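Close look at the chain arrangement
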Amino acid sequence: MRIAVLGTGMVGRALALGLAGAGHEVVIGTRDPAATATREVGEATFADWLATIAGVRLLTSAEAAAVADLVINATNGESSLA
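**Brief notes about the overall build of the protein chain**
- Across its full length, the protein chain holds 5 helices and 6 strands.
- The order of α-helices and β-strands along the protein chain, N terminus first, is β-α-β-α-β-β-α-β-α-β-α.
- Against the globule reference of 12 Å for 82 residues, the protein chain gives a C-alpha radius of gyration of 11 Å, in line with a compact fold.
- Overall, the protein chain is about 30 × 30 × 20 Å in size when its C-alpha atoms are taken along their principal axes.
- Sequence separation of 24 or more characterises 62% of the internal contacts of the protein chain that already satisfy a separation of 6 or more.
- Total accessible area on the protein chain is roughly 4,900 Å²; 57% of this is exposed by carbon and sulfur atoms.
- A gap of 4 Å separates the mean positions of the 5 positive and 8 negative side-chain charges of the protein chain.

Quick look at the structure:
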């Protein structure tokens, strides 16, 4: 199944990792992929973390939702409405 996870925080990353590990085609949606890629996640950048998960891509939220069969909103409450 093609799944879009909207949100790049701890919950979004955990869901993307688990779903990809279960064999799903996963994309992660964010407002600004270029800015997200350079954001620090632990001791690495988001792009470095993403590179450890085969096949998972980072797209805008709209792009991610457009290619998915299922969309999971893993954004924080304040961001969800926007």
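**Some remarks on the pairing of strand β1 (residues 2-6)**
- Of all 5 residues that make up β1, 4 are buried, and the element is covered over most of its length.
- As defined by bridge partners, β1 adjoins strand β2 (residues 25-30) across 5 bridges and the pair is classed as parallel. Paired with I3 across the bridge in β2 is V26.
- What joins β1 to β2 is helix α1 (residues 10-21), and the crossover it makes is right-handed.
- One ladder, built from 4 bridges, connects β1 with strand β6 (residues 70-73); its direction is parallel. Its bridge partner being in β6, L6 is matched across the sheet by N73.

**Re the sheet that holds β2**
- Here we have 4 strands laid out as an open sheet, ordered β5-β2-β1-β6, and parallel in their pairing. Two strands in the sheet have a free side with no partner beyond their single neighbour: β5 (57-60) and β6. Here the strands of the sheet are splayed against their neighbours by 30 degrees on average, with no regard to which way each runs.
- Relative to β5, β2 is paired through 4 bridges, and the arrangement is parallel. Pairing of G29 across the sheet is with L59, part of β5.

Rules used in this analysis
- Residues numbered from 1 in each chain as written.
- Predicted model: local features only at pLDDT ≥ 70, side-chain atom pairs only at ≥ 80, totals over all residues.
- Heavy atoms only, no water.
- Helix = DSSP H or I, 4+ residues; strand = E, 2+ residues; numbered from the N terminus.
- Rg over C-alpha atoms; globule rule 2.2 N^0.38 Å.
- Contact = heavy atoms within 4.5 Å.
- Areas by Shrake-Rupley, 256 points an atom, 1.4 Å probe, with all protein chains shown as cover.
- Lys, Arg positive; Asp, Glu negative; His and termini not counted.
- Charge placed at Lys NZ, Arg CZ, Asp CG, Glu CD.
- Buried < 20%, exposed > 50% of the residue type's maximum accessible area, 1.4 Å probe, protein only.
- Pairing = 2+ DSSP bridges.
- Right-handed = clockwise from strand over helix to strand, strands pointing away.
- Axes fitted to C-alpha atoms, helices over the stretch in contact; angles between N-to-C directions.

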